[in-house]
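# Coordinate analysis (summary)
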Number of protein chains: 2
Amino acid sequence: MPRQTGEATRRAILDAAYELFYRKGYARVGVDEVAALAKVTKRTLYYHFRSKDDLLAEVLNWQAQLAIVHIRKYENKYSARDARKFVTALFSEVKQWSAKPGWSGSGITRLAWELADLPGHPARQIAGQHKEDVQAWLAGMLAKLGVRSVRERAKEIQLLLEGAGALMLITGDRGYCDVAAKAARRLL
Amino acid sequence: MPRQTGEATRRAILDAAYELFYRKGYARVGVDEVAALAKVTKRTLYYHFRSKDDLLAEVLNWQAQLAIVHIRKYENKYSARDARKFVTALFSEVKQWSAKPGWSGSGITRLAWELADLPGHPARQIAGQHKEDVQAWLAGMLAKLGVRSVRERAKEIQLLLEGAGALMLITGDRGYCDVAAKAARRLL
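Okay, so let's go over this structure. Keep in mind that this is a model prediction, so the values were computed, not measured.

A few words now on the overall build of chain A. Secondary structure summary: chain A contains 10 helices and 0 strands in total. Starting at the N terminus, the α and β elements of chain A follow one another as α-α-α-α-α-α-α-α-α-α. For chain A, the spread of C-alpha atoms along the principal axes amounts to about 55 × 40 × 30 Å. Per-residue burial for chain A yields a buried fraction of 41% across its 188 residues. Partitioning the intrachain contacts of chain A with sequence separation of at least 6 by distance along the chain shows that 62% fall at a separation of at least 24.

Next comes the structure, spelled out in structure tokens:
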């Protein structure tokens, strides 16, 4: 079944690329390194992906999809509760996540910063779309929980999430998650 | 006057390095490129800076100092006014700054993201210290303007500033500055 094998190989390359890009950023990772980690030849890598830029775009696309699936898993968990508890749980998840060894913040935010000078890069478009998808999800959750002006509230929560990610990364102080959660609750 | 010339050369190298690092990030800029833009030989560059990592640390140190001088210029401008007006003016400055061609957010935040996997890098230490200095300045300004719980308020404003920087960069929508300003005012 060559097609199935092809899909598995493609997935192995995406996995390896994500792991390396997340760990070291985009510029410092070479295609050779991705191929080596995925246990494929460079020729095979280029059979599945036209370029390193294409590979990055596909990695981000796939990660953005996974992130949405991941956050949707919490919908039922939160839907029976109130908006303040939802916000508390949201920042608490982020705080737990940030304690993982090697945590480097949102991979999507990080890639966007690394490609700050390339607004037309396909990976940048995917990053922008992903942040909008997360915001729409937040607004939908808040609406279900009886909050008003959900578009603005969702933007505020997203601002605080991005801010907490940046300041936790820069200062190493995970307490920013608690300050952000408290602010988000007061803004509800 | 060899000493003066040495200082001027050193400054030219720092200027060139900042311009290139800000435009393209750290990993994609080579020492040759910095030397070429500063119109010095690579040998001269290495006479003033031991390594590219050292150069980056010194660039960030110098930029962090400039940023503090820059924000302090606004002290008199703001001190006669109230805290809400101070916050409005602060986010309005950031919004104006973000409209500049080639704007890529805070250079210090960007470098920290690029070096996310290297928490011990000297540039990371400088970035962390800089964010704390900005926060202390914010808390001091808020205190002068009669705000209470200034440490927490300063952290919230910084979370919103960092969040606005990230989301403006990622989505291209400068309206996040207005949402952040409004949230910061409501949190006062």
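Continuing now.
Attention now goes to the relation of the copies chain B and chain A. Placing chain B over chain A gives an RMSD of 0.0 Å and needs a rotation angle of 180°, together with 0.0 Å of translation along the axis. Each copy turns onto its partner about a two-fold axis. Measuring from the rotation axis to each C-alpha of chain B, the shortest distance belongs to Gly163 of chain B, at 2.0 Å.

We now examine the packing of helix α7 (residues 107-114) of chain A against helix α7 (residues 107-114) of chain B. Axis separation between α7 of chain A and α7 of chain B bottoms out at 9 Å; the angle between their running directions is 120°. Taken together, the axes of α7 of chain A and α7 of chain B are oblique relative to one another. In this structure, α7 of chain A meets α7 of chain B at a crossing whose hand is left-handed. Between α7 of chain A and α7 of chain B, the contacting residues are Arg110, Trp113 and Glu114 of chain A on the first element and Arg110, Trp113 and Glu114 of chain B on the second. Residues that form the contact of α7 of chain A with α7 of chain B fall into these classes: 2 nonpolar, no polar and 4 charged.

With that settled, the discussion passes to the nonpolar core. Judged by nonpolar contacts, the single largest core of 116 residues is most densely connected at Ala180 of chain A together with Ala180 of chain B. Setting aside residues up to four positions removed in sequence, Ala180 of chain B forms contacts with Leu159 of chain A together with Phe91, Leu160, Leu161, Gly163 and Ala164 of chain B.

Let us now look at the interface of chain B and chain A. Tallying the contact residues gives 40 residues for chain B and 40 residues for chain A. Elements with a contribution of two residues or more to the side of chain B that touches chain A: α1 (2-24), α7, α8 (122-144), α9 (150-171) and α10 (176-187) of chain B. A total of 14 residues in the side of chain B that touches chain A trace back to one element, the largest contributor, which is α9 of chain B. Here the residues of the side of chain B that touches chain A sort into 18 nonpolar, 9 polar and 13 charged.

What counts, and where the lines are drawn
Counting of residues starts from 1 at the beginning of each chain's written sequence and follows it residue by residue. Each chain gets a letter, beginning with A, and each ligand a number, beginning with 1, in the order they are written. A pLDDT threshold of at least 70 governs which residues receive local features in this predicted model, and a stricter bar of 80 or more applies before side-chain atom pairs are shown or counted, although totals over entire chains, interfaces and linings include all residues. Strands here are runs of E lasting at least two residues and helices are runs of H or I lasting at least four, both read from the DSSP assignment and numbered beginning at the N terminus. Whether a residue is buried, exposed or partly exposed is read from the other C-beta atoms within 10 Å of its own C-beta, which are placed from the backbone; 20 or more gives buried, 12 or fewer gives exposed, and intermediate counts give partly exposed. By the criterion used throughout, residues are in contact when their C-beta atoms, derived from the backbone, lie within 7 Å. In superposing the copies, a least-squares fit is computed on C-alpha atoms, taking residues whose pLDDT is at least 70 in both. As a rule, the C-alpha atoms of each element are fitted with a line to give its axis, helices using only the stretch in contact, and angles between N-to-C directions run from 0 to 180 degrees. Small angles under 35 degrees read as roughly parallel and large ones over 145 as roughly antiparallel, with 65 to 115 read as roughly perpendicular and the rest as oblique. By the definition used in this description, the sense in which the near helix is turned from the far one sets the handedness, with an anticlockwise turn below a right angle giving left-handed and a clockwise turn giving right-handed. Classification convention: Asp, Glu, Lys, Arg as charged; Ala, Val, Leu, Ile, Met, Phe, Trp, Tyr, Cys, Pro as nonpolar; all other residues, Gly among them, as polar. We call a set of buried Ala, Val, Leu, Ile, Met, Phe, Trp, Tyr and Cys residues a nonpolar core when their C-beta atoms link them within 7 Å.

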